[in-house]
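# Commentary on secondary and tertiary structure
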Amino acid sequence: MEVKKYIDQFLAFTQKEFFHILRDRKTLLVLLVLPLTQLLIFGFALSSELLDTPTVVLDLSNDETTRRITSGIESVTTFKMLGQVKNKEEMEDLFRKGTLKVAIVFKPGFGEELKRTGKTDLQLIVDASLEHDASTIEGHIQSVLLKFQQELNKSSELPIQINPVIQMRYNPQLKSAFHFVPGVIGIVLMLVCSMMASLAIVKEKESGTMEVLLVSPVRPSVIILSKLVPYLLIGMIDVIIILLVSIFVLGVPVSGNIFLLFGMASIFTLSSLALGIMVSVLTSTQRSAIIISIVGLMLPSITMSGFIFPIDPNATTIYIVSHLMPVTAFITAARSIMIKGMGFVAVYPELILLTIMTIVLITISIKSFKNRLS
């Protein structure tokens, strides 16, 4: 009987929230139009410094020339040499796991061909899911090869020319949308869910209806969960809108399992909603809720999640803080699923992390809400 009463209360308050959202046309406009504007605003590539890119060498020639070129690449801070691989199968496995960004392949007889003809090819395989990273990597490799060619030309009778044959994986045309669309999904869900959830409860406080709810026999968990459900569904609608625009307008594919992507988006949406509830506990007006949401949630999500700027692993504090944000885990997983076509095995660390953070945030939100009200 107690369970039936709980469910009836939950359904009644959820229905009320839906009616409230549908009557408020301005809020509904923000919830549905904002994803499109975000997609257009952030659809521009921004270049930035790139450091410690995971790199391996497949040296099928193993001569003095290839070792000198490898040493020159190691000296550039753009690259972090993980070592040499024995065969292409080992290299492919590292790409599938997402631990490798650049592979340099020297064909058999590389140095001998260069000495004999003055010309040879070097294969460069780059993870181009981050468009600006791929462009930077290509430029640095070209610079290393040019410097090496200049040194050889001083002592060689033949003009030396090394032609890099570049293979851009996952994004061969280097479209910036491939990089930004998965990030836009995360930023939009963070904006819609956290900000709108915090405003929904603050509205109740300002209008005085929250006091009415507090003196009723309704449990705090019913109030919170009934607030979350409508925004969870709206968040999923936003994901569908973004994916449709991305596929049919921007030409961005969903190479991986779309149901896995929706599962990740659902968990991330719940964590964003829990953050919104926490903001609502700290505020009493809609204006203060908006300010805290923008400054405390939106700006860090844009600048520190890898959405626009790569996360520098050498900046330890920023690196740790950025990976404690749910949006960072979601954007990383979304890019792996959408652009690289990776499955559960590749994204399960982010999935586990998101699940833990979501459970912790919802628990804290409910307890904080209950304690603040008491």
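Residues numbered from 1 in each chain as written. Predicted model: local features only at pLDDT ≥ 70, side-chain atom pairs only at ≥ 80, totals over all residues. Heavy atoms only, no water.

### Focus on the overall build of the protein chain
This is how it is decided: The way it works is that DSSP assigns letters per residue, a run of H or I at least four long becomes a helix, a run of E at least two long becomes a strand, and they are numbered from the N terminus. Under the scheme applied here, a residue whose accessible area is under 20% of the maximum for its type counts as buried, over 50% as exposed, and between as partly exposed, the area being computed with a 1.4 Å probe on protein chains only. What sets the accessible areas is the Shrake-Rupley method with a 1.4 Å probe; for residues, cover comes only from the shown protein chains.
The helix and strand tally for the protein chain stands at 14 helices and five strands. Here the protein chain, with 374 residues, has 46% of them falling under the buried criterion. Accessible area for the protein chain stands at about 18100 Å²; split by element, carbon and sulfur atoms hold 64% of it.

### A few points about the sheet that holds strand S1 (residues 53-59)
Selection rule: In this scheme, strands are said to pair when DSSP sees at least two bridges between them. Only the contacting stretch of a helix is used when fitting its axis, a line to C-alpha atoms as for every element, and angles between N-to-C directions run 0 to 180 degrees.
Sheet architecture is open: five strands sit in the order S2-S1-S3-S4-S5, paired in mixed fashion. Of all strands in the sheet, those with a lone pairing partner are strand S2 (79-84) and strand S5 (161-169), marking the two edges. With direction set aside, neighbouring strand axes in the sheet form an average angle of 25°. Bridge count between strand S4 (residues 119-127) and S5: nine bridges; the pairing is parallel.

### Re the environment of Tyr170
Here is the rule: Whether two residues are in contact is decided by their heavy atoms: any pair within 4.5 Å suffices.
Within the element layout of this structure, Tyr170 appears in the loop between S5 and helix H7 (176-207). Since its relative accessible area comes to 22%, Tyr170 is described here as partly exposed. Apart from the residues within four sequence positions on either side, Tyr170 is in contact with Phe95, Asp127, Ser129, Phe178, Ile339, Lys340 and Met342.

### Some remarks on the environment of Met190
Mapped onto the fold, Met190 is located in helix H7. Under the relative-accessibility criterion, Met190 is labelled buried at 2%. Spatially, the C-alpha atom of Met190 lies 9.1 Å from that of Leu275, the residues being 85 residues apart in sequence.

### Remarks on the nonpolar core
The line we're drawing: Buried Ala, Val, Leu, Ile, Met, Phe, Trp, Tyr and Cys residues form a nonpolar core when they are joined through side-chain atoms within 4.5 Å.
By size, the foremost hydrophobic cluster in this structure holds 62 residues, and its most contacted members are Ile185, Phe307, Phe330, Met338 and Leu354. Listed by contribution, the elements that provide at least two residues to this core are H7, helix H9 (220-250), helix H10 (258-282), helix H11 (286-304), helix H13 (326-338) and helix H14 (344-373). At 20 residues, the largest contribution of residues to this core is made by H7. What Ile185 contacts, discounting residues up to four positions off in sequence, is Val239, Ile242, Leu243, Phe330 and Met338. Of all hydrophobic cores here, the second largest spans 23 residues; its members include Val76, Leu122, Leu124 and Met168.

### Topic: H13
Where we set the bar: The span you would expect from a helix comes to 1.5 Å times its residue count less one.
Between its first and last C-alpha, H13 extends 18 Å over 13 residues, near the 18 Å set by a 1.5 Å rise per residue. Most of H13 is tucked away: twelve of the 13 residues are buried. All of the buried residues along H13 are Pro326, Val327, Thr328, Ala329, Phe330, Ile331, Ala333, Ala334, Arg335, Ser336, Ile337 and Met338.

### Description of the confidence of the model for the protein chain
A low pLDDT means the predicted coordinates there should not be read in detail. Here is the rule: The predictor's confidence in any single residue is recorded as pLDDT, a number from 0 to 100.
Per-chain confidence: the protein chain averages 77 in pLDDT, with 80% of residues scoring 70 or above. The model gives residues 43-47 a pLDDT under 50, and that stretch makes nine contacts with residues more than four places away or in other chains.

### Quick notes on the packing of H7 against H13
Let me state the cut-off plainly: Crossings are assigned a handedness: left-handed for a near helix turned anticlockwise from the far helix by less than a right angle, right-handed for a clockwise turn. Any residue that is not Ala, Val, Leu, Ile, Met, Phe, Trp, Tyr, Cys, Pro, Asp, Glu, Lys or Arg is counted as polar, Gly included; the first ten are nonpolar and the last four charged.
Where H7 contacts H13, the axes come no closer than 9 Å and their chain directions differ by 145°. When the axes of H7 and H13 are compared, the crossing they make is right-handed. Seen from H7, the contacting residues are His179, Val181, Pro182, Gly183, Ile185, Gly186, Ile187, Leu189 and Met190; seen from H13, they are Val327, Phe330, Ile331, Ala334, Arg335 and Met338. Its residues placed into classes, the contact of H7 with H13 shows eleven nonpolar, three polar and one charged.

### Quick look at the side chain of Thr269
Relative to the helices and strands, Thr269 resides in helix H10. Ignoring sequence-local partners within four residues, the contact set of Thr269 consists of Leu189, Cys193, Tyr231, Leu232 and Met236.

### Things to note about unusual backbone geometry
Positive phi, normally seen in glycine, also occurs at Asn62, with a value near 50°. Looking at the secondary structure, you find Asn62 in the loop between S1 and helix H3 (64-74).

### Observations concerning the environment of Gln84
Checked against the element boundaries, Gln84 lands in strand S2. By relative accessible area, which is 48% here, Gln84 ends up partly exposed. In the structure, Gln84 is positioned 26 residues away from Leu58 in sequence and 5.8 Å away in space, judged by C-alpha atoms. For Gln84, the residues in contact, after removing those within four places along its chain, are Val57 and Asp59.

### Considering the pairing of S2
Note the cut-off: For the handedness criterion, the strands are oriented away from the viewer, and a crossover whose path from the first strand over the helix to the second runs clockwise is classed as right-handed.
The sheet contact formed by S1 and S2 spans five bridges and is parallel. Counted as the bridge partner of Thr55 is Met81 from S2. Regarding topology, H3 serves as the crossover connection from S1 to the parallel S2, and that connection is right-handed.

### Observations concerning the packing of aromatic side chains
Formally: Aromatic contacts are taken between Phe, Tyr and Trp rings whose centres are within 6.5 Å, Trp giving its six-membered ring; a plane angle under 30 degrees counts as stacked, one over 60 as edge-to-face, and the others as tilted. In this scheme, Lys NZ or Arg CZ marks a charge over a ring once it lies within 6 Å of the ring centre and within 35 degrees of the ring normal.
Evaluated as defined, the whole model comprises three aromatic pairs. Summarising the aromatic geometry, the rings of Phe106 and Phe110 are spaced 5.1 Å apart at their centres and angled 80° between planes, so their arrangement reads as edge-to-face. Among the residues examined, Phe110 registers a relative accessible area of 0% and is labelled buried. Directly above the ring of Phe95 sits Arg169, whose terminal nitrogen or CZ lies 4.8 Å from the centroid.

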